[in-house]
Amino acid sequence: MGFLSPGSFGIKKSKRPDLDSSLKPKDRKMAHLAHIALYMLMFFIPITGYIMTSLHGYLSWFFIWELKPFLSESEAYKFWGLLHKYLLQYLIYFILGSHILGALKHQFIDKHTKELKRMVSEVTVYL
Ligand code: HEM
Ligand code: HEM
């Protein structure tokens, strides 16, 4: 996967700034847990969508590729639909909402101005 690294596109990534030293250990831990939860949701939301659709007997599209159902039809699609359409979605609305509000609070109220750069990073394109 080396060819996908930022360097191969002529992009130099800056060093990631450290978290503000005034952050309490409890807040660092909470932020870390929220990031793990976001990674898991980014993985499981599309997977549960594919499982739900397969169990219902429909095909799915992944960009231009047609994916046949990979499971035999079953009423279990209702359970996966509950996860895909409701539980995981409300969880991501809540966690992502808190993540964004928390980041904005650190930037504008606490004036920890380097924090946002931890997500966006500063890139220098040298083509
Ligand atoms: C990041 C990826 C995805 C997100 C954020 C997402 C989000 C959602 C949301 C919010 C709904 C509920 C919409 C509503 O009730 O009006 C939904 C429904 C649905 N999703 Fe996804 N989805 C994703 C990926 C997928 C994938 C990969 C598939 C299938 C391979 C899929 C299949 C479906 C289907 C068929 C429905 C309609 C279910 C029904 O109304 O019975 N989704 N999705
Ligand atoms: C307005 C939108 C957003 C803002 C202002 C924002 C802000 C930030 C900030 C400041 C960090 C660094 C926090 C830290 O390292 O302690 C961060 C990390 C992160 N953000 Fe966001 N974010 C936004 C949207 C999103 C979205 C849409 C997702 C994905 C669904 C996301 C997922 C993550 C993850 C997974 C990390 C942790 C990265 C790592 O350290 O591995 N963020 N975000």
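Residues numbered from 1 in each chain as written. Chains lettered and ligands numbered in written order. Predicted model: local features only at pLDDT ≥ 70, side-chain atom pairs only at ≥ 80, totals over all residues.

## Considering the site of ligand 2
Inclusion rule: To decide whether a residue is near a molecule or strand, its C-beta atom is placed from the backbone and checked for lying within 6 Å of it. Secondary structure elements are taken from DSSP: a helix is a run of H or I of four residues or more, a strand is a run of E of two residues or more, and numbering for both begins at the N terminus. Residue classes follow a fixed rule: Ala, Val, Leu, Ile, Met, Phe, Trp, Tyr, Cys and Pro count as nonpolar, while Asp, Glu, Lys and Arg count as charged, and any other residue, Gly among them, counts as polar.
Around ligand 2, a shell composed of 14 residues is seen, among which His35, Leu38, Ala103, Arg118 and Met119 lie nearest. Looking at the shell around ligand 2, the element that brings in the most residues is helix H1 (residues 25–55), giving five residues. Tallied by class, the residues present in the shell around ligand 2 amount to 10 nonpolar, two polar and two charged.

## A closer look at the site of ligand 1
Looking at ligand 1, the residues that line it are Ile45, Pro46, Gly49, Tyr50, Thr53, Ser60, Gly81, His84, Lys85 and Gln89. Contributions of two or more residues to the shell around ligand 1 are made by H1 and helix H2 (77–109). Considering each element in turn, the shell around ligand 1 owes the most residues, five residues, to H1. Here the shell around ligand 1 is built from residues that sort into three nonpolar, six polar and one charged.

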